[in-house]
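What the coordinates show
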Amino acid sequence: MSTEVKDQIKQYILETYLFTSDTSALGDDESFLDRGIIDSTGVLELIFFLEEQFGVKIADEELLPENLDSVSRLTAFVERKRAAA
Amino acid sequence: MCGLAGILHLEGDGIVTRRELEPMVAALAPRGPDGTGYYTEPGIGLGHARLSIIDLAGGDQPIHNEDQTVWTVFNGEIFNYVELRAELETRGHCFYTQTDTEVIVHAYEEYGDDFPSHLNGQFAIALWDAPRRRLLLVRDRPGILPLYFTHDPGRLLFASEVKALLPAMRRRPALDPAALNQLMTFWAPVSPASLFQGVEEVSPGEMVVVENGRLRRQRYWEWTFPGDGEYLRGSAEELAEELHELLLDATRLRLRADVPVGAYLSGGLDSSGIAGLVKHSGHPHLRTFSIRFEDPGVDETEHQERMIRHLGTDHTSILCRNADIADIFPRVIARTEAPVLRTAPAPMSILSGLVRQQGYKVVLTGEGADEVLGGYDLFKEAKIRQFWARQPDSKWRPALLKKLYPYLDLNQRSGSAYLKQFFGQGLDDPEAMGFSHLPRWSTTGKTRDFFSPEFRATITDDPEATLAARLPAGFSRWHSFNRAQFLEARTLMAGYLLNSQGDRMLMANSVEGRFPFLDHRIIEFANRLHPTMKMRGLNEKYLLKKALTRHLPRETVARYKQPYRAPDIAAFFGAGGPPDYVRECLSPESLQATGYFDAQRVQHLLKKIEHGRVIGFKDNMAFLGVLSTQLWHRTFVEERPAQVTS
């Protein structure tokens with residue numbers, strides 16, 4: 001798993017949804033849904049960020065918790081998308 | 001700040017008398033209440049109304065060089081005059097005052113036509129080079145200060161405001177239909193047009209050279225943006241530090257004055273950040289000023305108070321009642337010299353009145369941060385529409401607009417249709433020139449539906465084509481975010497925010513505004529940042545927040561950006577009904593007499609307002625656009641003094 005991608009995603013989640021830079025505030029495998037971190041508009045904002053930052057293109061049918069619900073899942077998802085591009 | 005005026009004979013050495021200049025300068029009295037000055041020689045006359053801020057005793061204008069062959073009248077401030085003077089003195093120039101004005105004539109001698117590039121400031125300059133018989137009219141880079149000119153048979157008239165040209169014009173100018181059409185699209189005419197037929201402005205960042213009876217425009221500065229791979233490198237933390245240092249220096253320079261300097265404090269990030277930087281720079285005693293509204297929907301008192309507690313400033317605020325806006329609105333239009341589509345300038349006039357009444361002549365403001373560092377919702381909206389355009393059939397993507405417009409009901413068929421029709425404009429061509437601004441321009445353009453058929457027939461101009469023709473060569477190659485920034489800076493910021501809502505409302509009460517975010521070094525630095533440093537995802541002013549966070553309470557940084565708004569239609573339709581001038585200006589007789597608008601349509605709009613039906617953006621803009629155009633006509637065509645009801 002790329003540390004650079006993970007760090008960028010984590011920093012974004014922390015700054016945008018938790019309003020902090022403290023990396024201990026969110027575990028890499030913690031569920032955004034369980035923690036109530038991201039609502040439905042927030043998910044789209046997240047997709048928006050991933051496309052802008054990593055140049056990937058995400059389809060409607062990929063908007064699934066398996067892909068998006070934690071820092072680790074997001075990182076793996078972005079890497080899969082990049083590898084497939 | 002000050003006001004300047006002058007007359008140049010385009011051929012020969014006709015005489016300009018002081019008597020001709022005096023009414024021009026008198027029209028600028030609010031810009032310069034502290035004194036007047038004149039210089040005439042065969043062929044030219046220069047006049048000046050002074051607001052004394054630097055070298056109070058010795059700064060009267062016009063000012064000349066050592067052998068009195070180069071003369072200038074100038075409105076504004078050269079903030080780096082101390083450094084520039086030292087540099088010019090080492091090159092042998094001799095000064096006779098302590099003013100910033102005097103560096104202009106010596107910088108011209110030293111650097112020739114490149115001299116504006118050496119100035120860090122806000123300025124409108126008229127400079128006369130007697131041996132070469134040439135006149136230069138120069139305006140600052142972002143367009144903080146106004147400067148206009150017009151041809152009168154055989155002569156060129158120039159002045160800080162159009163009202164100062166009128167006494168010298170042999171024929172009174174009519175309204176320019178194309179300019180009004182542009183204003184009712186972009187909020188301001190496309191530079192260099194003005195509302196007055198035949199009167200043009202010197203565009204921001206431009207120098208007009210008049211020589212041998214001919215006039216040419218040359219640009220000395222432009223908003224430019226890098227191509228891919230040419231952006232500044234560095235981490236967000238490193239770049240934020242660099243931005244912080246630049247902001248600190250820009251603020252320090254703008255505290256230079258021989259009178260006390262205060263600051264506006266709106267409660268938002270930008271003005272709070274400037275106040276924080278002033279405190280950080282060791283300024284001993286900061287006076288701050290703000291406006292409160294009786295309408296809780298637009299009032300920001302709570303946020304202002306948080307910042308006052310945090311900074312410990314000596315603060316004074318003034319309450320703006322809805323009726324106050326209606327009372328002063330005719331006087332506001334006499335100052336703006338252009339119709340407006342919202343009332344927001346009026347409270348700014350009330351605020352500058354408070355500043356002056358408290359004995360202050362100079363205030364720092366946070367204006368410019370949103371354009372330079374990526375703060376506007378319009379930029380977010382454009383990004384979301386582009387996100388949508390990448391997959392136009394996506395059911396989910398347009399829902400991100402709810403982040404900006406929470407009232408959108410996407411579950412209703414009507415909500416979804418509205419979304420597609422309004423925000424979906426231009427999705428098929430997201431790289432088009434005006435993609436970012438299409439929804440705004442089309443909403444504003446609805447105001448044009450109120451034009452009378454006869455007036456509409458006189459308009460041959462397509463506003464978007466006119467704007468497109470004046471874009472810089474590299475525009476289409478810039479990143480879409482940068483294109484949106486450019487359009488915003490050139491249309492709304494220079495034409496409306498800095499002018500109608502800025503300079504004109506400050507000068508109404510002889511107060512100078514200073515704008516640290518518009519220091520050209522900050523603009524040039526910000527333009528070289530990658531767009532994601534300005535807006536990360538949908539987090540606006542990302543780098544600015546990082547740079548200022550040390551000076552601000554957490555809540556101020558985290559707070560969702562609240563645009564400055566003032567009550568619009570509600571200000572005119574209180575319990576007692578609208579003021580008499582509203583009824584007079586909007587009567588069928590008045591509308592038919594001026595001929596700009598369809599009287600029947602306007603009557604329907606008035607009925608809708610008076611029956612208290614739901615009023616939206618378009619109605620507000622239409623009402624204010626029609627009313628202010630009618631007031632403009634009364635003031636500048638019919639020459640009736642602006643009525644003031646209190």
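Described in the following lines is the structure provided in the data block. (Residues numbered from 1 in each chain as written. Chains lettered and ligands numbered in written order. Predicted model: local features only at pLDDT ≥ 70, side-chain atom pairs only at ≥ 80, totals over all residues. Heavy atoms only, no water.)

Quick look at the pattern of salt bridges
Residues and elements named next belong to chain B. The following threshold applies: The term salt bridge refers to a pairing of a side-chain nitrogen on Lys or Arg with a carboxyl oxygen on Asp or Glu at a separation within 4 Å. Where helices and strands are cited, they refer to DSSP runs of H or I of at least four residues and of E of at least two residues respectively, numbered from the N terminus. Here the term buried applies to any residue with accessible area under 20% of the maximum for its type, exposed to any over 50%, and partly exposed to those in between, with areas from a 1.4 Å probe on protein chains only.
In this structure the tally under the stated criterion is 58 salt bridges over all chains. Here arginine 133 and aspartate 13 are joined by a salt bridge, their closest N and O atoms 2.9 Å apart. Of this pair, arginine 133 sits in the loop between strand E6 (121-129) and strand E7 (134-139) while aspartate 13 sits in the loop between strand E1 (2-9) and helix H1 (18-26); the two residues are 120 residues apart in sequence, bridging distant segments of the chain. We classify arginine 133 as partly exposed; its relative accessible area is 32%. A salt bridge links arginine 155 to glutamate 20, with the shortest nitrogen-to-oxygen separation between them at 2.9 Å. Residue arginine 155 is located in strand E9 (residues 155-159), and its partner glutamate 20 is located in helix H1; the two are separated by 135 residues in the primary sequence. With relative accessibility at 6%, the residue arginine 155 sits in the buried group. Glutamate 20 sits in the partly exposed class, given a relative accessible area of 28%.

Some remarks on the interface of chain B and chain A
Accessible area lost on assembly of the parts is the figure often given for the size of an interface. The test is simple: In this description, contact between two residues means that some pair of their heavy atoms is separated by no more than 4.5 Å. Buried area: the accessible area, evaluated with a 1.4 Å probe, that two parts lose upon being put together, summed over both parts. Within 3.5 Å is the distance limit for a polar contact, defined as a pair of N or O atoms, with the added protein rule that one can donate a hydrogen and the other accept it, and that residues adjacent in sequence qualify only through two side-chain atoms. Three categories are distinguished: nonpolar for Ala, Val, Leu, Ile, Met, Phe, Trp, Tyr, Cys and Pro, charged for Asp, Glu, Lys and Arg, and polar for the others, with Gly belonging to the last.
Chain B puts 22 residues into the contact, and the matching count from chain A is 19 residues. With both chains or domains summed, chain B and chain A bury close to 1,900 Å², and 53% of this area falls on carbon and sulfur atoms. Here glutamate 15 of chain A ties to lysine 546 of chain B by a salt bridge, and the two come within 3.0 Å at their closest N and O atoms. Our count for the chain B to chain A interface comes out at 11 residue pairs in polar contact (both at pLDDT 80 or more). Breaking the side of chain B that touches chain A down by element, the ones donating at least two residues are helix H11 (377-390) and helix H19 (542-548) of chain B. For the side of chain B that touches chain A, the element with the most residues is H11 of chain B, which contributes four residues. The residue inventory of the side of chain B that touches chain A, partitioned by class, reads eight nonpolar, four polar and 10 charged.

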